Number of protein chains: 2
Amino acid sequence: MSQGPSRRGLFAGLGAAGATGLLTGGLIGAAVDRGQEPDSVRERVLSRSGPREGLPPALHTPTPAHVHVIALDLSADTPAEVAQQARSVLGLWREQVRELHEHGTEGVMEGSPTQGLHPASLGITLGLGPSLLERAGLEDRRPEELEDLPDFSTDRLDPALCGGDLMLHVGAEDPVVVSAAVRHLLGSVREHARVRWALPGFQRGAATAQDSSATPRNLMGQIDGTVNPHPEEAIFASQVVASHTDAATSWMDGGTYVVVRRIRMLLDDWFDLSPQERERSVGRRLDDGAPLGGENEDDRPDLSAKGEDGEPVIAANAHIRLASPEHTLGARMLRRGFNYDLGWGPGGRAEAGLLFTAWQADPRTGFTAVQRHLDEGGDALNEYVRHEGSAVFAVPPVREDEPFMAHELWS
Amino acid sequence: MSQGPSRRGLFAGLGAAGATGLLTGGLIGAAVDRGQEPDSVRERVLSRSGPREGLPPALHTPTPAHVHVIALDLSADTPAEVAQQARSVLGLWREQVRELHEHGTEGVMEGSPTQGLHPASLGITLGLGPSLLERAGLEDRRPEELEDLPDFSTDRLDPALCGGDLMLHVGAEDPVVVSAAVRHLLGSVREHARVRWALPGFQRGAATAQDSSATPRNLMGQIDGTVNPHPEEAIFASQVVASHTDAATSWMDGGTYVVVRRIRMLLDDWFDLSPQERERSVGRRLDDGAPLGGENEDDRPDLSAKGEDGEPVIAANAHIRLASPEHTLGARMLRRGFNYDLGWGPGGRAEAGLLFTAWQADPRTGFTAVQRHLDEGGDALNEYVRHEGSAVFAVPPVREDEPFMAHELWS
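Residues numbered from 1 in each chain as written. Chains lettered and ligands numbered in written order. Predicted model: local features only at pLDDT ≥ 70, side-chain atom pairs only at ≥ 80, totals over all residues. Heavy atoms only, no water.

**Some thoughts on the side chain of B:Arg94**
Residue and element names in this part refer to chain B.
Turning to step 1, where the next piece is worked out: Structurally, Arg94 can be placed in helix H3 (residues 79-108).
Turning to step 2, where the next piece is worked out: Polar side-chain contacts of Arg94 include one of 2.7 Å to the backbone oxygen of Arg399.
Turning to step 3, where the next piece is worked out: For Arg94, the contacting residues outside a window of four places in its chain are Val398, Arg399, Glu400, Glu402, Pro403, Phe404 and Met405. (Helix = DSSP H or I, 4+ residues; strand = E, 2+ residues; numbered from the N terminus. Polar contact = N/O pair within 3.5 Å; in protein donor to acceptor, adjacent residues only side chain to side chain. Contact = heavy atoms within 4.5 Å.)

**Section: the packing of H3(B) against helix H5 (residues 175-187) of chain B**
Pairs of packed helices are described in terms of their axes, by the angle between the two and the distance that separates them.
Residues and elements named next belong to chain B.
Turning to step 1, where the next piece is worked out: Relative orientation of the contacting elements H3 and H5 amounts to 140°, with a least axis distance of 10 Å. Comparing the axis directions of H3 and H5 gives the class oblique. In this structure, the crossing between H3 and H5 has a hand that is right-handed. In contact with Trp93, Gln96, Val97, Leu100, Thr105 and Val108 of H3, H5 contributes Val177, Ala180, Ala181, His184, Leu185 and Leu186. (Axes fitted to C-alpha atoms, helices over the stretch in contact; angles between N-to-C directions. Parallel < 35°, antiparallel > 145°, perpendicular 65-115°, else oblique. Left-handed = near helix turned anticlockwise from the far one by under 90°.)

**Describing the pairing of strand E1 (residues 66-74) of chain A**
Residues and elements named next belong to chain A.
Turning to step 1, where the next piece is worked out: Most of E1 is tucked away, with 9 of its 9 residues classed as buried.
Turning to step 2, where the next piece is worked out: Alternating residues of E1 divide into His66, His68, Ile70, Leu72 and Leu74 and Val67, Val69, Ala71 and Asp73, and every residue in both groups is buried.
Turning to step 3, where the next piece is worked out: With 7 bridges joining them, E1 and strand E3 (residues 166-172) adopt antiparallel strand pairing. For Val67, the partnering residue across the bridge sits in E3 and is Gly171. (Buried < 20%, exposed > 50% of the residue type's maximum accessible area, 1.4 Å probe, protein only. Pairing = 2+ DSSP bridges.)

**Considering the pattern of salt bridges**
Side-chain pairs of opposite charge can arise where the charged atoms are in close proximity.
Turning to step 1, where the next piece is worked out: Counted under the stated rule, the structure contains 44 salt bridges over all chains.
Turning to step 2, where the next piece is worked out: For A:Arg285, the salt bridge goes to A:Asp287, with nearest N and O atoms at 3.8 Å.
Turning to step 3, where the next piece is worked out: For A:Arg285, a relative accessible area of 26% translates into the label partly exposed.
Turning to step 4, where the next piece is worked out: A salt bridge links B:Arg98 to B:Glu95; the nearest nitrogen and oxygen atoms lie 3.4 Å apart. Taken together, the residues span about one helical turn, with B:Arg98 and B:Glu95 both in helix H3 at a distance of 3 residues.
Turning to step 5, where the next piece is worked out: Linked through salt bridges whose partners overlap, the residues forming this network are A:Arg262, A:Arg264, A:Arg349, A:Glu351 and A:Glu388. (Salt bridge = Lys/Arg side-chain N within 4 Å of Asp/Glu carboxyl O.)

**Some remarks on H5(B)**
Residue and element names in this part refer to chain B.
Turning to step 1, where the next piece is worked out: For H5, with 13 residues, the first-to-last C-alpha span of 18 Å sits near the 18 Å given by 1.5 Å per residue.
Turning to step 2, where the next piece is worked out: When you tally the buried positions in H5, you get 12 out of 13 residues, the bulk of the element.
Turning to step 3, where the next piece is worked out: Capping the start of H5, Asp174 holds a side-chain oxygen 2.9 Å from the backbone nitrogen of Val176, two or three residues further along. (Expected span 1.5 Å × (residues − 1).)

**Quick word on the interface of chain A and chain B**
Turning to step 1, where the next piece is worked out: The interface is formed by 55 residues belonging to chain A together with 55 residues belonging to chain B.
Turning to step 2, where the next piece is worked out: Interface area, chain A with chain B, both sides summed: about 4500 Å², of which 59% is carbon and sulfur.
Turning to step 3, where the next piece is worked out: Three residues stand out in chain A for area buried against chain B, namely A:Arg183, A:Thr208 and A:Trp344, and they jointly supply 17% of the buried area on that side.
Turning to step 4, where the next piece is worked out: The tally of links between chain A and chain B comes to 6 salt bridges.
Turning to step 5, where the next piece is worked out: One salt bridge connects B:Arg190 with A:Asp272, and the closest N-O pair in it is separated by 2.8 Å.
Turning to step 6, where the next piece is worked out: Our enumeration of links across chain A and chain B arrives at 18 residue pairs in polar contact (both at pLDDT 80 or more).
Turning to step 7, where the next piece is worked out: Of all the secondary structure elements, the ones that give two or more residues to the side of chain A that touches chain B are E1, helix H5 (175-187), strand E4 (193-202), helix H7 (267-272), helix H8 (275-282), strand E6 (334-344) and strand E7 (350-360) of chain A.
Turning to step 8, where the next piece is worked out: Looking at the side of chain A that touches chain B, the element that brings in the most residues is H5(A), giving 7 residues.
Turning to step 9, where the next piece is worked out: Classifying every residue of the side of chain A that touches chain B by side-chain character gives 26 nonpolar, 18 polar and 11 charged. (Buried area = accessible area lost by both parts, 1.4 Å probe. Nonpolar A, V, L, I, M, F, W, Y, C, P; charged D, E, K, R; others polar.)

**Considerations on the relation of the copies chain A and chain B**
In summary, the two copies of the chain are related to each other by a rotation about an axis coupled with a shift along it.
Turning to step 1, where the next piece is worked out: If you rotate chain A by 180° and push it 0.0 Å along the axis, it lands on chain B with an RMSD of 0.0 Å. As the rotation angle and translation indicate, the two copies are arranged about a two-fold axis.
Turning to step 2, where the next piece is worked out: Most of the interface of chain A is mirrored in chain B, where 100% of its interface residues again form contacts. (Least-squares fit on C-alpha atoms with pLDDT ≥ 70 in both.)

**Things to note about the pairing of strand E5 (residues 256-265) of chain B**
Residue and element names in this part refer to chain B.
Turning to step 1, where the next piece is worked out: The buried count for E5 comes to 10 of 10 residues, which makes it a mostly enclosed element.
Turning to step 2, where the next piece is worked out: Taking every second residue as pointing to the same face, both faces of E5 are buried, with Thr256, Val258, Val260, Arg262 and Arg264 on one and Tyr257, Val259, Arg261, Ile263 and Met265 on the other.
Turning to step 3, where the next piece is worked out: Where E5 meets strand E8 (residues 385-395), 10 bridges bridge the pair, whose relative direction is antiparallel. Looking at the pairing, Arg262 lines up with Gly389 of E8.

**Some remarks on unusual backbone geometry**
All names here are of chain A.
Turning to step 1, where the next piece is worked out: Its identity as a non-glycine residue notwithstanding, Ala406 has a phi of 55°, on the positive side.
Turning to step 2, where the next piece is worked out: Within the fold, Ala406 resides in the loop between strand E8 (385-395) and helix H11 (407-410).
Turning to step 3, where the next piece is worked out: The buried category is assigned to Ala406, whose relative accessible area is 3%.

**Focus on the environment of B:Glu383**
Residues and elements named next belong to chain B.
Turning to step 1, where the next piece is worked out: Among the structural elements, Glu383 can be located in the loop between helix H10 (367-376) and E8.
Turning to step 2, where the next piece is worked out: According to the relative accessible area criterion, Glu383 is exposed, its value standing at 55%.
Turning to step 3, where the next piece is worked out: Placed 191 residues apart in sequence, Glu383 and His192 show a C-alpha to C-alpha distance of 40 Å.

**Some thoughts on the confidence of the model for chain A**
All names here are of chain A.
Turning to step 1, where the next piece is worked out: In the predicted model, chain A carries a mean pLDDT of 88, and 90% of its residues have values of at least 70.
Turning to step 2, where the next piece is worked out: pLDDT under 50 marks residues 1-38. Its contacts with residues more than four places away, or in other chains, come to 76 contacts.
Turning to step 3, where the next piece is worked out: Prediction confidence for the complex, expressed as pTM and ipTM, is 0.90 and 0.90 respectively. (pLDDT = per-residue confidence, 0-100.)

**Here we look at empty space enclosed by the protein**
Turning to step 1, where the next piece is worked out: On inspection of all chains with the given rule, the structure shows 14 cavities of 30 Å³ or more.
Turning to step 2, where the next piece is worked out: Size it by volume and the largest cavity reaches roughly 350 Å³.
Turning to step 3, where the next piece is worked out: A:His66, A:Pro200, A:Phe202, B:His66 and B:Phe202 are, among the 23 residues lining the largest cavity, the residues nearest its centre. (1 Å grid on protein atoms, 1.4 Å probe; cavity = no way out; pocket = protein on both sides within 12 Å on 5 of 7 lines; lining within 4 Å. Points joined across faces, edges and corners; volume = space filled by probe spheres on them.)

**Section: the packing of aromatic side chains**
Turning to step 1, where the next piece is worked out: Tallied over the full model, the rule gives 6 aromatic pairs over all chains.
Turning to step 2, where the next piece is worked out: Judged by centre distance (5.4 Å) and plane angle (65°), the rings of A:Trp270 and A:Tyr384 are edge-to-face. Of this pair, A:Trp270 sits in helix H7 while A:Tyr384 is found in the loop between helix H10 (367-376) and E8, placing the two residues 114 residues apart along the sequence. Just as A:Trp270 is buried, A:Tyr384 falls in that class too.
Turning to step 3, where the next piece is worked out: Plain terms: the ring middles of B:Phe152 and B:Phe367 are 6.3 Å apart, the flat faces sit at 85° to each other, and that makes the pair edge-to-face. Taken together, the residues B:Phe152 in the loop between helix H4 (130-135) and strand E3 (166-172) and B:Phe367 in helix H10 connect sequence positions 215 residues apart. (Phe/Tyr/Trp six-rings, centres within 6.5 Å; stacked < 30°, edge-to-face > 60°.)

Below, the structure is given as structure tokens:
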């Protein structure tokens, strides 16, 4: 155990305001803001993530067109063995991630499927699940933030699609780049870990978007990801970046916590609704994503506005009302939604929906606070979605000088 | 029943040589040749397939980055009902396909996920399975070419992943465009048909390829699709385009037959091989796809060449030797391979491999002839692949003046 109560990483010693300067100045310097540059598509295709310090690639904007999120369980049983195995896997991955970020799969193995492709902004993010700390006998090092989510009444969770000791989050602008990197990373740890669940996701490619800086839409047609905190905002550090001043949990200082949810969408039922019914359920217009009664996507929803009929313009059970900061004690998180569409499973059930990821300083005041309101408030969207998978992972800050992730935790 | 023995569509009355001129001049005029134009990426993104005559979009080059192939079964039981249902579904789809090709999903429904996206070369291709003709009481109209494939000794087929009354093949440069179009087309026929199996596939996006005219690689890293017949070649019409001069089967004159195979790859085992072992199995170099002993990808493999050790340079069981025209009576087909990567199934089995499609005038002398040699000859790749799904469909020519596909068959 080491330094103790000082804040770690590039956020060391900075309050929210101070961190903001750093964020703008360099920490997420490789990130592209929503204000689109003319060559932003080309940039996504040509970029290498390269080595980064601080927050991992998954939090950088813009988000890639393709991701694969994979949860793994270590095979060992005793705490000492689990801890040893975790060190081995994280040590292997640290080297491989560094190499992949610098050279791509084509640079680290012969005969890669990615030969002849641009780097496509390949970015790899690792996470540690609460079960890992328990199984490794490190329960006393587990931050309170890292605990399994509470049950929600609308959950339809399948245990086989939940949890996991380790998370691998691989994103890139090209699906072949993602697939090859995933296989390379998993191939090396086959003896130690097995896949618990996995979900490949996508959003529109930057090249296909008329405006690649526009907020993407999900398979329901909703613009999804409005009102995300931006790295330029003071609020970003306090809402997204974890702060841990005590020695036991300082390994997570400057990191973040990610909630991953597999949310199946009942798309046939959804598109059976009239456009007006769909707008009422969400509380936003279908065409431009503006809140009902508003003008632009970024307008603050007027929750008190009433129509000529005396009814609220934004319905009492509209998704954006229940999810709004006014209803959730100011809770915010960085949401990164991806679509999944795996075709149809046995019995003809469509396996399509949202691979939802939420990144925050504390899931209890982030995802959980918002989801509780959506759940208990009877979110109009609940009828059209099924939460089938759920997991939470600690994402420690990336430190190039460490031999493996969260080194302080294991030493 | 109508015209009788004349050849249909734009191929009417043309031999291979004559058809070639037409092909070059106009029939596949919207297609882009392998000779890359500087703006070919932009073209793939901005293109609308639009209404086409003759061969369907799936055969046009370049192939899109994303496809979803879906097999459906009609719900009716009696031959008269099945035939009536087929007419209804094909009638609905004819209109919808026309609209989607012209306006995209965003142009035909409110609140589409594709709002704000470019057309991305959306192309929809329909097919009819042998089971449909049997069930509709049209056995006497079934061409001999349209029969279930024979068993191969290396098959590991799952009946739930095989066959189907109807095929929907939706391709585009963007996964959201594919997903939205699929849902729109299936939504309208829910009462008539249910999904039997489905498989979404991908290859590298045009934007990510350093040379978007280069033959793509599959997940094994092989360059996959070399030695495809090109529309400019005289051989294309005779090998890919079906010719039917008798009245009973003339509804397929000018169409093509597609074989679809779901081929799981044992990628861990494959990448455990040394690069040299992988090259020996395929018979081509990993880096540029040239046949062993050759210089360039397009070189004709020298099957008789021997090395200094007296052994064949291209091994006796190398994939390209067994698949070569010399070994398969000149059989050729238009191969369009896509990758699939659905993550890991129950028990931790990787669900990744090749969504292989082969388009030919006659599957018996095309796919079946080649696969028989690969199967019986002990193709070195057999150890690393599992054929789990299989289907064959008739793809009638597209005729804009018909109210639904293969109109002649149903009238």
